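One-letter residues, chain by chain:
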Amino acid sequence: MARKRTKLGDRSARHDSAYRRAKQEGFAARAVYKLEELDRRFHLLAPRRRVLDLGCWPGSWMQYAAGRVGDEGLVVGLDLRPVELALPPWCEAFVADVDELDPQSLVDRFGPFDVVLSDMAPKTIGDATTDRLRSEALFERALDIATMVLRPGGHFAGKVFQGGGFGGLIERMRLTFSQSKPFHTKGTRAGSAEHYLVGQGRRAG
Ligand SMILES: C[S@@+](CC[C@H](N)C(=O)[O-])C[C@H]1O[C@@H](n2cnc3c(N)ncnc32)[C@H](O)[C@@H]1O
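Throughout what follows, the structure given in this document is the object of discussion.

Conventions adopted
- Residues numbered from 1 in each chain as written.
- Predicted model: local features only at pLDDT ≥ 70, side-chain atom pairs only at ≥ 80, totals over all residues.
- Heavy atoms only, no water.
- Pairing = 2+ DSSP bridges.
- Helix = DSSP H or I, 4+ residues; strand = E, 2+ residues; numbered from the N terminus.
- Axes fitted to C-alpha atoms, helices over the stretch in contact; angles between N-to-C directions.
- Contact = heavy atoms within 4.5 Å.
- Phe/Tyr/Trp six-rings, centres within 6.5 Å; stacked < 30°, edge-to-face > 60°.
- Buried < 20%, exposed > 50% of the residue type's maximum accessible area, 1.4 Å probe, protein only.
- Lys NZ or Arg CZ within 6 Å of the ring centre and 35° of its normal.
- Lys, Arg positive; Asp, Glu negative; His and termini not counted.
- Salt bridge = Lys/Arg side-chain N within 4 Å of Asp/Glu carboxyl O.

### Considering the sheet that holds strand β3 (residues 91-95)
- Overall, mixed pairing links the seven strands, which are arranged β3-β2-β1-β4-β5-β7-β6 in an open sheet. This sheet does not close on itself; its edge strands, each paired only once, are β3 and β6 (177-183). Pairwise comparison of adjacent strand axes, ignoring direction, gives a mean angle of 10° for this sheet.
- Both β6 and strand β7 (residues 194-202) contribute to a ladder of six bridges, which runs antiparallel. Among the inter-strand pairings, Phe177 is bridged to a residue of β7, identified as Arg202.
- Against the sheet, helix α3 (residues 60-69) makes contact with β1 (50-54), β2 (74-79), β3, β4 (113-118) and β7, and its axis sits at roughly 170° relative to β2, the strand it touches most.

Given below as structure tokens:
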């Protein structure tokens, strides 16, 4: 019997229990529980932290981060699509393509960040090799941005669909952060190539 292959961005389980729970709890997407799990495991978010969220639409990570950093923190989100949620005043969401972004403009405007998150995923074409290459390129761009905007000691977590370049990304994470680890969230569907690479303590310089 042919094994069902889980595609990137597979929405077949859209109305699963996490989806329904997110709706009930007022979150914009089930992805919120992946960030919650990452945060519980790696202690990424805390009151007063300044967070950059790459690929923030529809906004559930911004909602969760806003609650964790509180009104003395900051959550800046960027996505190709506009976030239409009402968010607390210490959140700002912008329409932007990370490939065209000047990271220094973020630092000039907001100052250095304590945490960079990336849940970015490419538009998939259904060819696993190409989709994973695109995901790895987006992850690498997120890591470039994190390297430029994080204060020394800051943290990063980014999503990537594991392809041929995965080993190289892990090595870059190891060189950039004091501690780094690939993590497979419980919220990730069985058989998915999705990982989050988490870096704690950005090395200075
Ligand atoms: C899985 S969704 C993020 C969900 C979000 N974390 C949440 O919880 O609401 C991935 C997002 O990455 C965004 N994205 C993909 N490529 C991007 C790019 N080049 N620049 C900015 N955002 C991008 C997509 O538009 C999409 O909204």
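### Description of the environment of Arg174
- Looking at the secondary structure, you find Arg174 in helix α6 (residues 166-176).
- Put simply, Arg174 and Arg202 are 28 residues apart on the chain and 9.8 Å apart in space, counted from C-alpha to C-alpha.
- The contact partners of Arg174, leaving out residues within four places of it in the chain, are Ser180 and Arg203.

### Quick look at the packing of aromatic side chains
- By the definition in use, this model includes seven aromatic pairs.
- Ring geometry for Phe110 versus Phe113: centroids 6.3 Å apart, planes at 55°, classification tilted. For the residue pair Phe110 and Phe113, the accessibility class agrees, reading buried in each case.
- Aromatic ring contacts, followed pair by pair, group Phe94, Phe110 and Phe113 into a single cluster.
- Above the plane of the ring of Tyr33 lies Arg21, whose end atom (NZ or CZ) is 3.9 Å from the centre.
- In this structure, Arg81 packs its charged tip against the face of Trp57, placed 3.6 Å from the ring centre.

### Re the pairing of β4
- For β4, a buried count of six out of six residues is recorded, marking the element as mostly surrounded by other parts of the structure.
- Strand direction decides the pairing type here: β1 and β4, joined by four bridges, are parallel. Within the sheet, the bridge partner assigned to Leu52 lies in β4 and is Val116.
- Sheet topology note: the β4/strand β5 (residues 150-161) ladder contains five bridges and is parallel. Following the sheet pairing, Val115 is matched in β5 by His155.

### Focus: the side chain of Arg141
- Counting through the fold element by element, Arg141 comes out in helix α5 (residues 128-149).
- Although Arg141 is buried, it forms no salt bridge, and the closest oppositely charged side chain is Asp99 at an N-O distance of 4.3 Å.
- Each residue touching Arg141, except ones within four places of it in the same chain, is listed here: Val98, Asp99, Leu101, Pro103 and Met148.

### Considering the environment of Val116
- Position of Val116 relative to the elements: it lies in strand β4.
- A relative accessible area of 0% places Val116 in the buried class.
- Linking Val116 and Asp53, residues 63 residues apart in sequence, is a C-alpha distance of 6.0 Å.
- With near-sequence residues (within four places) excluded, Val116 lies in contact with Leu52, Leu54, Ala146, Val149, Leu150, His155, Phe156 and Ala157.

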